Amino acid sequence: MFEPATEQHLSEAIRDASGPLKIRGGGTRPLGNPVTGEVLSTAKLSGISLYEPGALTIVAQAGTPLAEIEAALAKENQRLPFEPMDHRDMLGTQGTPTIGGVVAANIAGPRRIQAGSCRDSLIGVRFVDGAGETIKNGGRVMKNVTGYDLVKLMAGSYGTLGVISEVSFKLLPGIAASATICVEGRSPEQAVAIMARVLGSPFEVSGAAFGGGRVLFRIEGFAQSIAYRSAQLETLLSDYGAVGVETDPDKTREIWSNIANVAAFHDTPGDLWRISVKPSDAPALVAELGMAQTMLDWGGGLIWALTEPGTDLRAVAPEIKGHRTLMRADDATKAKLGTFHPEPGLAAINQGLRAKFDPRGILNPGLMG
Amino acid sequence: MEMPAPDAAVLAKKALLVERLTAVLPADAVIHEERELKVYECDALTAYKCPPLCAVLPASTQEVAAVLKICHDMDVPVVPRGSGTSLAGGALPTADSVILGVAKMNDVLETNYDDRYIRVQTGRTNLSVTGAVEEQDFFYAPDPSSQLACAIAGNIAMNSGGAHCLKYGVTTNNLLGVKMVQMDGTVIEVGGAHLDAAGYDLLGLICGSEGQLGVVTEATLRILRKPEGARPVLMGFDSNEVAGACVSDIIKAGVLPVAIEFMDRPVIRATEAFAGAGYPDCEALLIVEVEGSEAEIDEQLGLILQIARKHDPVELRESTSAEESARIWLGRKSAFGAMGQINDYMCLDGTIPVSSLPMVLRRIGELSKQYGLDVGNVFHAGDGNMHPLILFDANKEGDLELCEAMGADILRLCVEAGGCLTGEHGVGIEKRDLMVAQFEPQDLEIQMKVKDVFDPKWLLNPAKVFPLASSESRRAA
Ligand SMILES: Cc1cc2nc3c(=O)[nH]c(=O)nc-3n(C[C@H](O)[C@H](O)[C@H](O)COP(=O)(O)OP(=O)(O)OC[C@H]3O[C@@H](n4cnc5c(N)ncnc54)[C@H](O)[C@@H]3O)c2cc1C
């Protein structure tokens, strides 16, 4: 195992590697097709390099524990905007999630619909490509269009284009108050319609999910604003029966952390799929999925589906656009179905990029197909 | 600004090229008379002009593909063009290039309020995207000051921002999908009405690639419900430093306004003379805008005003009516026009960490004295995106060169302060040769390798973004 403690050593380890490398951050998100290779861990590339609360920006080395970053931000009443989910309970892993892993897998949470994904807050990266070259892109300012945006490309590239050594984010102020609003007893069609109505309102919902027959909304902001929007949403939702309002911030935190981490499907047997669709397509797809258990986030745009092991969920209603990622399954199923949704129209470009960034094909080979 | 010498072999092919283009496009969509080509000789960086070999105005993705295929076969460079409002020379032709304008392609293809997106052809202007959904109280968030004229095509190519991007993000944060034609005529679709990429984030890569990876013909854009209301407050301060410190304090306090705009004295005076918005005569002005219901606005502005008062403002004017709000914004919105009345200007776009604002403003003042050229500052302060406007006289021998040298010094200063050369206008030709101040050779090499993948012959907008010396071997190949 390689465990470089400096970017220089990281570069040497990659340049001198004689075979495939399996890149690991905290090891809590073993997503992707199985990879064999010598482990290259970023765990020792750790620490916050620069934090400027007055500029709403932070820079940290890739192996920095996410918890360390969140704690530093909380002290200044700031936060990462995109609410990255925790995969440990879903995937049955242990360890410490790192910020580099969050970036490599472009992790987000329910707030995706309002604040974007990890890639939307990521403003700079440093990485070492497959030839051992150390490269920077973006920087530490909130707006930057200088040259091509490799920051976005690196987010969600799962270590197959380079090993990320440092990342920068823009931040948001902390949340003063929050509330959860709930409507009971709904079908997926009704739920998605209600969510569309609320997301099309001016009341700035930062979460819209549906599971176990309940439609849930989250609002966040200053106290008076929460009171106001909560009342407005109650009026808006009064057509749909009883409306519940949860004002205890700890409860709201718990509810949405469970949604983010898909707690409903922890400790359950079966494969787990993550499906991104246009929200109004969700009810039809859910209906087609038949036996699968489902939970909706992002107003219906994100479907979590628990299926019988080995089911090829991409074969169901393939005309519905978007993508379906196999998050949890045994290695044989992952090898057979592939983790990531194939994109035949973009294959030439994807392969071309991979060949340029990692000419020897040694970084997480096969992980993304 | 140096441009590569036109390729004589390409120039010699003009007649054949026009013939082949006319075979796939209506005759009036192929412009090749010298007189008519003048329209396309520059963009909003008017200091540089060069008429192209010819210009084409295709009306569909298929026509774009047909044009590109011909140019690809004949090894003719292509410069994509939206509305030609680039301030970086992004749409500047070379004499041996074809301008491919998407202005005819301006239809709305689909609006979907339940899923909150609109699909348009990219020749559509930014403002008319909002125009198409306004009736339902929706809007498209990125709002460059040029929004009346600039096209979504150019917005995507430059990853344009606007005054309200502090809250809503820039183009890349509001773009869901594109249809794009590669240089060899291949049509690809990236993204769509759903969120996030299935694999590599090619959409994020395409956005901001300055027309060098493909011609974007259709775009799926996120639309948002309009806020219930918005209210600006005008703040005047005795010095740039104090205004800068106020910006930093507002940001630290946990409120996030939708916009924080900054103007210094030269700009305040110019806009007063030009638009008469009733601004106080002071060193620095901030316009801070918040959104929401009346009560929400009161709550946020209460906090902001409390912070501002700690900085001894010489003026604090909270808007009390729609009319007053419009007046507060009037000066800001006419700032570029007002400066243009005084003299020719070059608009820079460096971005810095907000914490360095006072230092950078002071240094810009010093450079202004050193070069003997006046500078006005008007910019998006919340995100550190500066717009120093250097005034010069285009008719005066050597003034443009002096202005360019001073601009380069300011941009290097931005990089030294931890920032970058351009926050929203793009590199184009203007900042091309300064890229080495921000990037190491390997940083540029990997970006050029990306272009190799999309456009192996380097025919799309080839003399832009990268220093000419760095890209030479690829362009010559
Ligand atoms: C007064 C004024 C104010 C401005 N204010 C702002 C501002 O607030 N924020 C901001 O970000 N910018 C601003 N700009 C700059 C400019 O308006 C933006 O860069 C805008 O996005 C350019 O759009 P356009 O359609 O005019 O593009 P063009 O100028 O035609 O082209 C710009 C670039 O896009 C490429 N391109 C054009 N069409 C395509 C296509 N179909 N496919 C691929 N590439 C293409 C071109 O090759 C070129 O590199 C301002 C400009 C002016 C003159």
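Placed above this text is the structure.
Residues numbered from 1 in each chain as written. Chains lettered and ligands numbered in written order. Predicted model: local features only at pLDDT ≥ 70, side-chain atom pairs only at ≥ 80, totals over all residues. Heavy atoms only, no water.

Undergrad: What is the right way to read the overall build of chain B from this model?
TA: Along its length, chain B carries 19 helices and 18 strands. Expected size for 477 residues packed as a compact globule is a radius of gyration near 23 Å; at 23 Å, chain B falls within 12% of this value. Classification of the 477 residues of chain B by burial places 64% in the buried group. Excluding contacts between residues fewer than 6 apart, the proportion of contacts in chain B whose partners are at least 24 apart in sequence is 72%. Of the roughly 16400 Å² of accessible surface on chain B, 49% is carried by carbon and sulfur atoms. Treating the 40 positive side-chain charges of chain B as one cloud and the 68 negative ones as another, the clouds have centres 2 Å apart. (Helix = DSSP H or I, 4+ residues; strand = E, 2+ residues; numbered from the N terminus. Rg over C-alpha atoms; globule rule 2.2 N^0.38 Å. Buried < 20%, exposed > 50% of the residue type's maximum accessible area, 1.4 Å probe, protein only. Contact = heavy atoms within 4.5 Å. Areas by Shrake-Rupley, 256 points an atom, 1.4 Å probe, with all protein chains shown as cover. Lys, Arg positive; Asp, Glu negative; His and termini not counted. Charge placed at Lys NZ, Arg CZ, Asp CG, Glu CD.)

Undergrad: Can you help me understand helix H5 (residues 126-133) of chain B in this one?
TA: Residues and elements named next belong to chain B. Among the residues of H5, those classed as buried are Asn126, Val129, Thr130 and Val133. Within H5, the buried residues cover an arc of 95° as seen down the axis, which keeps them to one side. Where H5 is buried, its residues meet strand E5 (108-112), strand E6 (117-121), strand E7 (138-139), helix H6 (152-158) and strand E10 (215-222). (Arc of directions from axis to C-beta.)

Undergrad: Sorry, what's going on with the pattern of salt bridges here?
TA: Side chains bearing opposite charge may pair, as long as their charged atoms lie close to each other. In total, this model carries 46 salt bridges over all chains according to the counting rule given. Note that A:Glu204 is salt-bridged to B:Lys167, the shortest N-O span being 2.5 Å. With A:Glu204 in the loop between helix H8 (188-199) and strand E11 (205-211) and B:Lys167 in helix H7 (residues 165-168), this residue pair bridges two chains. Judged by its relative accessible area of 33%, A:Glu204 falls in the partly exposed class. For B:Lys167, a relative accessible area of 27% puts it in the partly exposed group. What emerges from the salt-bridge pattern is a single network uniting A:Glu83, A:Arg111, A:Arg218 and A:Glu220. (Salt bridge = Lys/Arg side-chain N within 4 Å of Asp/Glu carboxyl O.)

Undergrad: I keep staring at the sheet that holds strand E3 (residues 78-81) of chain B and nothing clicks. Help me out?
TA: In a beta sheet, neighbouring strands pair by backbone hydrogen bonds and run either parallel or antiparallel. All names here are of chain B. Pairing in this open sheet of four strands is mixed, and the strands run E1-E2-E4-E3 from one edge to the other. At either margin of the open sheet sits one strand with a lone partner, and together these are strand E1 (30-31) and E3. Of the strand pairs in this sheet, E1 and strand E2 (residues 54-56) are connected by two bridges, and their pairing is antiparallel. Looking at the pairing, Ile31 lines up with Ala55 of E2. (Pairing = 2+ DSSP bridges.)

Undergrad: Would you mind going over helix H13 (residues 322-333) of chain B with me for this structure?
TA: For an α-helix, 3.6 residues make a turn, and residues three or four places apart therefore share a direction. All names here are of chain B. In a regular helix each residue adds 1.5 Å, so 12 residues correspond to 16 Å; H13 covers 16 Å between its end C-alpha atoms and thus fits that length. Where H13 is concerned, the buried positions are Ser325, Ile328, Trp329, Gly331 and Arg332. The buried residues of H13 all sit within an arc of 155° when viewed along its axis, so they share a single face. Along H13, the residues that are exposed and aim more than 90 degrees away from the buried face are Ala322, Glu323 and Lys333. (Expected span 1.5 Å × (residues − 1).)

Undergrad: Explain the site of the ligand to me, please; I cannot follow it from the model alone.
TA: Residues and elements named next belong to chain B. Among the 33 residues in the neighbourhood of the ligand, the closest are listed as Pro80, Gly82, Gly84, Thr85 and Ser146. Contacts to the ligand include Ser145, whose backbone N or O atom sits 2.9 Å from an oxygen atom. At 2.6 Å from an oxygen atom of the ligand is found a side-chain nitrogen or oxygen belonging to Ser146. Starting from 980 Å² of accessible surface for the ligand in isolation, the protein chains cover 94%. Elements with a contribution of two residues or more to the shell around the ligand: E3, H6 and E10. Looking at the shell around the ligand, the element that brings in the most residues is H6, giving five residues. The residue makeup of the shell around the ligand, split by class, is 14 nonpolar, 16 polar and three charged. (Near = heavy atom within 4 Å. Polar contact = N/O pair within 3.5 Å; in protein donor to acceptor, adjacent residues only side chain to side chain. Nonpolar A, V, L, I, M, F, W, Y, C, P; charged D, E, K, R; others polar.)

Undergrad: Looking at this structure, how should I read the packing of aromatic side chains?
TA: Note on aromatic pairs: each is described by the distance of the centres and the angle between the planes. Tallied over the entire structure, the rule returns 10 aromatic pairs over all chains. Ring centres 5.4 Å apart and planes at 85° place the aromatic pair A:Tyr148 and B:Phe466 in the edge-to-face group. Note that A:Tyr148 is positioned in the loop between strand E7 (134-138) and helix H7 (150-154) and B:Phe466 in the loop between helix H18 (441-454) and helix H19 (468-476), a pairing that runs across two chains. Note on A:Tyr148: relative accessible area 1%, which makes it buried. B:Phe466 sits in the buried class, given a relative accessible area of 0%. (Phe/Tyr/Trp six-rings, centres within 6.5 Å; stacked < 30°, edge-to-face > 60°.)

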